[in-house]
Amino acid sequence: MIRVHNLTYAYEKGDSPVLEDLNLHIAEGEYIALIGSNGCGKTTLIRHLNGLLIPSVGEVQVDELNTRDSKSLLEIRRRVGMAFQNADNQIVGMSVEEDVAFGPGNLRLSSVEVCRRVERALDMVGMTGLRTRPPHTLSGGQKQLLALAGLLAMEPKIIVLDEPTASLDPEGKKRVLTLLKKLNCQGLGIIHVTHSMEEAALAERVLVMDQGKLIADGNPGEILSRVEWLKTLGLAPPHISELMWQLKKGGEDLSTSIFTIEDAVEEITALLARLRSSSKAYLPQKADEHV
Amino acid sequence: MYKLGQYVYQESPVHRLDPRVKLIAVIALSIIILHVNFVGLIAASAMALAITLLARLSWGSVLKTLRPVLPFFFCLFLLYIFFTPGRPIPAFPIGPVQISYEGLNFGILQVWKFLLLVVAASILTMTATQSEITMGMERLLRPIRIIGISSHDIAMLLSLALRFMPTLLDEMNCVSQAQLARGANFNPRHLSGKIRAIRYLAVPLAINVFRRCDELVDAMEARGYQQGHRTYLRELVLSRRDYCLVAAILILLIVVVYE
């Protein structure tokens, strides 16, 4: 559980704040997507969640621990795992397994326990076969999975990922996203910062930020279907939602809270079926006129 | 050049040794090599050959690591033979320059010693992985905590430097290709071209290094890094064989130094 209370933050004293009076409550095991245009304060916000930044005003609490208390920082960072966009600059170890062992090593666990956790984390991301590989020989997707394994070895309660799929090819993206879903099902909380509304649609709760403020908080259905509003914020709504929105604007009776091709096919098929049945009712009449 | 002297995976008694023993052995052998004369040097060379065979390394791959240092040692050799006073060799009056028996003798001895030192270091890096060497250093340096320095920090420093070496090499290639693509003309055959290339590579590379550092610091802190004590995936354990070997090396060292 993370509680953000009246958080205001400015990088320099006297500067205009990057985050302003932000309140947020995150329950255990939630899958949250955090969206917003560049420079809206997403990254600054997540850096508060594990005490990399300390609020200028207000509090951030992880369970019973406050990020202002430097004694609890290690435990906060264990509970709130965080990975950044460029996986290459997060890998510390000279081999895959040594990198995964970095976190548990910082927790000063015995080498038997470190070994067990490395084994488990590599298994979770499916990289057991690559354990002795030097990191620079891995692909972009593998590096991102390695960064994730490094977090999982700390046995966190929640992981915060800053655009984990930004530099990946479609295959790598799919692997990371599938893994996130699986981990969430096992009870791990996830905060996923993303520019892709398709990815945001996978979460169960979407937070929208603009100019240092949290301006919307709800399920993807409510938020991502507001196509015009998202565009005014400089965000690109999911292509499928936009298609549905355009059709609706053209007078068709369609829902716009649709984010996957499967759902769209279903909705459009249903619409076509309705049209067909109504035109069937109409056509025989026409036929009658001709006779 | 980067590939030279890199770890060669083999099943051998030398590879299996504790990295601390190998480190102590290399340091002790270096001191011994610098102390001995021709006879001792032949014995030390024979020993290096024996260790190479025992480690199942090819003699050629070990000798190859000498290639980058050869020009330097050749210059050193010339300095020794020309500038050591002594009886002149009559067959060698090249113009006004005279070389002496003593100079030739001393030059061969010194260059041989230096080459053997490089060989010893190469055998170490070819039979122990970088992380083993780092771990070994960390354990050997633990006593320095009495002067307030943590050996864990030094090991971290070392392992990060080694970890980012290939990354930075890739990045350097990337920067130089980006500049070639924009029409830069570095002629690597000429010294002036090489120097110009360094000037244009150094600045972008340095900027990138600082950017990487910032990100790395955040990532390390986010994963709970703190200075000082930490634990590792594998703990080094000395076997009886390791102890015996260290004892033997130290005895040899004492005998050679005090003879």
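The structure displayed is predicted, hence computed values, not measured ones. (Residues numbered from 1 in each chain as written. Chains lettered and ligands numbered in written order. Predicted model: local features only at pLDDT ≥ 70, side-chain atom pairs only at ≥ 80, totals over all residues. Heavy atoms only, no water.)

*Asks:* Whenever I open this one, the packing of helix α2 (residues 19-35) of chain B against helix α10 (residues 240-258) of chain B confuses me. Can you help?
*Replies:* All names here are of chain B. Two numbers describe how α2 lies on α10: the axes approach to 10 Å, and their chain directions differ by 15°. Comparing their axes, α10 and α2 come out roughly parallel. The interaxial crossing formed by α2 with α10 has left-handed handedness. Note on element contacts: α10 touches α2 through D242, L245, V246, I249, L250, L252, L253, V256 and V257, opposite V21, I24, A25, A28, I31, I32 and H35. (Axes fitted to C-alpha atoms, helices over the stretch in contact; angles between N-to-C directions. Helix = DSSP H or I, 4+ residues; strand = E, 2+ residues; numbered from the N terminus. Parallel < 35°, antiparallel > 145°, perpendicular 65-115°, else oblique. Left-handed = near helix turned anticlockwise from the far one by under 90°. Contact = heavy atoms within 4.5 Å.)

*Asks:* Teacher, can you tell me more about the environment of B:A206 here?
*Replies:* Within the element layout of this structure, B:A206 appears in helix α9 (residues 191-222). In this structure, the C-alpha to C-alpha distance between B:A206 and B:M137, residues 69 residues apart in sequence, is 28 Å.

*Asks:* For this particular structure, what's the right way to read the packing of aromatic side chains?
*Replies:* Applying the stated criterion across every chain yields a total of six aromatic pairs over all chains. With 5.1 Å between their ring centres and 80° between their planes, A:Y9 and A:Y11 make a pair best called edge-to-face. Here A:Y9 falls in the buried class, since its relative accessible area comes to 9%. Its relative accessible area of 48% is what places A:Y11 among the partly exposed residues. With 6.2 Å between their ring centres and 55° between their planes, B:F38 and B:W112 make a pair best called tilted. Here B:F38 is found in helix α3 (residues 38-54), whereas its partner B:W112 is found in helix α6 (residues 101-127), with 74 residues between them in sequence. Residue class for B:F38 comes out partly exposed when judged on its relative accessible area of 29%. (Phe/Tyr/Trp six-rings, centres within 6.5 Å; stacked < 30°, edge-to-face > 60°. Buried < 20%, exposed > 50% of the residue type's maximum accessible area, 1.4 Å probe, protein only.)

*Asks:* Help me out: how do you make sense of the sheet that holds strand β6 (residues 80-83) of chain A in this one?
*Replies:* Two orientations exist for strands paired in a sheet by backbone hydrogen bonds: parallel and antiparallel. Residues and elements named next belong to chain A. What the six strands build is an open sheet, ordered β6-β7-β8-β3-β9-β10; its pairing is mixed. Only two strands of the sheet have a single partner each, and these edge strands are β6 and β10 (213-218). Across the sheet, the axes of successive neighbouring strands diverge by a mean angle of 20°, strand direction being ignored. Bridge count between strand β3 (residues 31-35) and strand β8 (residues 189-193): four bridges; the pairing is parallel. Across the sheet, residue Y31 finds its bridge partner in β8, namely I190. Sheet strands touched by helix α5 (residues 140-152): β6 and β7 (158-162). Its angle to β7, the strand with the most contacts, is close to 155°. Helix α6 (residues 170-185) contacts β3, β7 and β8 of the sheet and is inclined by roughly 150° relative to β8. (Pairing = 2+ DSSP bridges.)

*Asks:* Could you clarify how one ought to interpret the pattern of salt bridges in this entry?
*Replies:* When the charged atoms of two side chains with opposite charge come close together, those side chains can pair. Enumeration according to the criterion identifies 31 salt bridges over all chains in this entry. Ionic pairing is found between A:D99 and B:R223, a salt bridge with its closest N-O pair at 3.4 Å. Remark: B:R223 occurs in the loop between α9 and α10 and A:D99 occurs in helix α3 (residues 96-106); the pair is interchain, linking two chains. Judged by relative accessible area, B:R223 falls into the buried class, the value being 4%. Residue B:R211 is joined to B:E215 by a salt bridge in which the shortest nitrogen-to-oxygen separation is 3.9 Å. On the criterion of helical spacing, the pair formed by B:R211 and B:E215 is a turn pair, its members being four residues apart in helix α9. Note on B:R211: relative accessible area 38%, which makes it partly exposed. Assessed through its relative accessible area of 27%, B:E215 is described here as partly exposed. (Salt bridge = Lys/Arg side-chain N within 4 Å of Asp/Glu carboxyl O.)

*Asks:* Before we go on, may I ask you to explain the sheet that holds strand β5 (residues 65-66) of chain A in this structure?
*Replies:* All names here are of chain A. Ordered in space as β2-β1-β4-β5, the four strands form an open sheet in which the pairing is antiparallel. One side of each edge strand has no neighbouring strand; the edge strands of this open sheet are β2 (19-26) and β5. As defined by bridge partners, strand β1 (residues 2-9) adjoins strand β4 (residues 57-62) across five bridges and the pair is classed as antiparallel. In the sheet register, H5 faces β4, and the bridge partner there is E59. Here helix α1 (residues 42-49) sits on the sheet in contact with β1, β2 and β4, set at roughly 125° to β1.

On their own, these measurements won't tell you what the molecule is for.
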